Amino acid sequence: MLVSFNLRPSITAIGPLVPLIRADLGISNGWAGFLTTLPLLTFATFSLFSAAIGKKLGNPQAILLALFILLIGSIIRVLGGSDFLFIGTGLTGIGIVICNVLLIPLIKNRLPNKIGIVTASYSAGMTLTAAIASGISAPLAIDLGWGWQGSLLSWSALILVGIIIWAPQTKVPKPIIQANDNEIKINVWKSRLAWQVSLFMGVQSLLFFTLVAWLPDMMITRGLSAVESGILISTMQIIGLIGTFISPIVAVKFKDQIGIILVLGAMYILGFSSLFIHVLWVNFIGLTLVGLALGSSISLAYTLIGLRTGSDKVTASLSGMAQSAGYYLAALGPLLFGIAFDIFSNWNHLIYLMLTFSILFIFFGLKSGRARVIGVGRLGN
């Protein structure tokens, strides 16, 4: 849980601070969007190596190393200048993704009969701190006078706590895994189902990261202050905690997850469509639906990785693949909209983008939600 608390604040805290960062460093909207895109690119790239790092060092040791990388990156990016900002942000992405990939097989290995409740708990932890970071980053920078650097650096304290509490885990001996010559070797990169799960992960990630990057700016143009827009997106994510916790628990009770995916897709479409209406209370209702869907989607995506695999090795491989291919797709969202806004200066393009990927969310969700296991096929009769 404590590790999960550190896996989103360094990203979600940036959105409300984009106007301050842009003004201070003189960067364009495209480069501002790249601030959210860069961690996703590092997620995508280092997901490919995270399972191997865990196998080499042991998962507890690898997670501790990742927390140190996250801490170093958080410090570097506030040292001054855009170069330090982007280098440090990239390092935070590396630290986060190693934890992202290795927590899922760790849960499946140690608590195979409680995948739903444990995934719900640590996903809720991520969502909670993501929401808090979105809500208080602007007040820390503006109301307390810490500036955007001090606001971002403040999250290093939570990382330090995580390191201290996690460190004893490294004293547990690495388990000796006996080779099984009869075990079927599965290449997840050649599995259609693995690709469907990965694209589902990517689409839901794109929706989340694009929204947290640009929604605060959009709402400022509709009359909210930087602090109010940060509180709005924080509230949206806090509401999403309900979905984050309940979604995996509900999902594992059914043979397939098609029903829950259709419900979430409908919530996305209704919620994003409300943004075409320039009435704040209508937008708030719509974003409540979006928040519930976003919270449900991330924990559902993690749950599907466990449900669609039959062994720890395949789970780790699919976790790495889904977060690699998925985050490469997710990285397109904040960057493409930033470039589009530089060209067209029209916030409706953000809504069009969200609606398009809401439809893709349903499409890939229906494919990956069917009751199958990679290398086995359909479950049940």
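Here's what I pulled together on the structure shown here. In this text the structure is predicted, and so the values were computed from the model without any measurement.

Quick look at the overall build of the protein
A count of helices and strands for the protein gives 15 helices and two strands. Taken over the C-alpha trace, the protein has a radius of gyration of 20 Å; the compact-globule value for 381 residues is 21 Å, and the two agree within 12%. In terms of principal-axis extent, the alpha carbons of the protein reach across some 60 × 45 × 30 Å. With 381 residues in all, the protein has 57% of them scored as buried. In the protein, 84% of the contacts between residues at least 6 apart in sequence involve partners at least 24 apart.

Observations regarding the environment of Gly30
Structurally, Gly30 is set in helix 4 (residues 29-57). For Gly30 and Arg8, which are 22 residues apart along the polypeptide, the C-alpha to C-alpha distance reads 22 Å.

Looking at helix 7 (residues 115-142)
Taking 1.5 Å per residue, 28 residues should reach 40 Å; helix 7 reaches 41 Å between its end C-alpha atoms and fits that length. The principal kink in helix 7, of about 35°, is found at Ile136, preceding the proline Pro139 by one to four residues.

Side note on unusual backbone geometry
Phi angles above zero are rare outside glycine, and Ser345 is one such case at about 50°. Mapped onto the fold, Ser345 is located in the loop between helix 14 (312-344) and helix 15 (348-368).

Quick notes on the pattern of salt bridges
Two side chains that carry opposite charge are able to pair once their charged atoms sit near each other. Across all of its chains, the model carries one salt bridge by this definition. Across the salt bridge formed by Arg22 and Asp217, the nearest N and O atoms sit 3.1 Å from each other. You can see Arg22 sitting in helix 3 (residues 18-25) and its partner Asp217 sitting in helix 10 (residues 192-220), a full 195 residues away along the chain. Assessed through its relative accessible area of 8%, Asp217 is described here as buried.

Observations concerning the nonpolar core
Ranked by size, the top nonpolar core spans 108 residues in total, and within it Leu207, Phe272, Tyr302 and Phe361 carry the most contacts. If you tally residues by element for this core, the top one is helix 10, at 17 residues.

Quick look at the packing of aromatic side chains
Under the criterion given, the structure shown has 18 aromatic pairs. Considering the side-chain rings of Phe341 and Trp347, the 4.4 Å spacing of their centres and the 40° angle between planes classify their relative orientation as tilted. Comparing Phe341 with Trp347 shows no difference in burial state: the two are buried. An aromatic cluster is present here, built from Phe43, Phe208, Phe209 and Tyr327 joined pairwise through their rings.

Details of a nonpolar patch on the surface
On the surface, a nonpolar cluster with roughly 670 Å² of combined accessible area is contributed by Phe276, Ile277, Val279, Trp281, Phe284, Ile285 and Tyr352. Among the elements that line the nonpolar patch, the one with the most residues is helix 13 (residues 280-307), at three residues. Owing to a relative accessible area of 43%, Ile277 belongs among the partly exposed residues under this scheme.

Quick word on the environment of Leu224
When you line up the elements, Leu224 lands in the loop between helix 10 and helix 11 (226-251). By relative accessible area, which is 12% here, Leu224 ends up buried. Distance in space between the C-alpha atoms of Leu224 and Leu280 is 9.3 Å, their sequence separation being 56 residues. With residues near it in sequence (within four places) discarded, Leu224 still touches Met219, Ser229, Leu232 and Leu280.

Some words on the packing of helix 7 against helix 11
At a closest axis distance of 8 Å, the pairing of helix 7 and helix 11 adopts a crossing angle of 175°. Our classification of the angle between helix 7 and helix 11 gives roughly antiparallel. Partitioning the contact of helix 7 with helix 11 into residue classes produces 19 nonpolar, eleven polar and no charged.

Description of the packing of helix 10 against helix 15
With their axes 9 Å apart at the nearest point, helix 10 and helix 15 run at an angle of 155° to one another. One element, helix 10, and the other, helix 15, form an angle in the roughly antiparallel class. In the packing of helix 10 onto helix 15, the handedness of the crossing is left-handed.

Some words on the side chain of Thr12
Looking at the secondary structure, you find Thr12 in helix 2 (residues 9-12). Leave out the neighbours within four places in its chain, and Thr12 touches Ala130, Ala133, Ser134, Phe208 and Gln237.

Some details on helix 10
For helix 10, spanning 29 residues, the distance from its first C-alpha to its last is 42 Å, which sits close to the expected 42 Å at 1.5 Å a residue. In the structure, helix 10 departs most strongly from a straight axis at Trp214, where the bend amounts to approximately 40° and where the proline Pro216 lies between one and four residues downstream. Among the 29 residues in helix 10, 25 count as buried, and that is most of the element. Of the residues that open helix 10, the one with a side-chain oxygen 3.4 Å from the backbone nitrogen of Leu193 is Ser191.

Rules used in this analysis
- Residues numbered from 1 in each chain as written.
- Predicted model: local features only at pLDDT ≥ 70, side-chain atom pairs only at ≥ 80, totals over all residues.
- Heavy atoms only, no water.
- Helix = DSSP H or I, 4+ residues; strand = E, 2+ residues; numbered from the N terminus.
- Rg over C-alpha atoms; globule rule 2.2 N^0.38 Å.
- Buried < 20%, exposed > 50% of the residue type's maximum accessible area, 1.4 Å probe, protein only.
- Contact = heavy atoms within 4.5 Å.
- Expected span 1.5 Å × (residues − 1).
- Bend = angle between axes of the 7 residues up to and from the residue.
- Salt bridge = Lys/Arg side-chain N within 4 Å of Asp/Glu carboxyl O.
- Core = buried A, V, L, I, M, F, W, Y, C linked by side-chain atoms within 4.5 Å.
- Phe/Tyr/Trp six-rings, centres within 6.5 Å; stacked < 30°, edge-to-face > 60°.
- Patch = residues over 30% accessible without salt bridge, like charges linked within 9 Å, V, L, I, M, F, W, Y side chains within 5 Å.
- Areas by Shrake-Rupley, 256 points an atom, 1.4 Å probe, with all protein chains shown as cover.
- Axes fitted to C-alpha atoms, helices over the stretch in contact; angles between N-to-C directions.
- Parallel < 35°, antiparallel > 145°, perpendicular 65-115°, else oblique.
- Nonpolar A, V, L, I, M, F, W, Y, C, P; charged D, E, K, R; others polar.
- Left-handed = near helix turned anticlockwise from the far one by under 90°.
- Polar contact = N/O pair within 3.5 Å; in protein donor to acceptor, adjacent residues only side chain to side chain.

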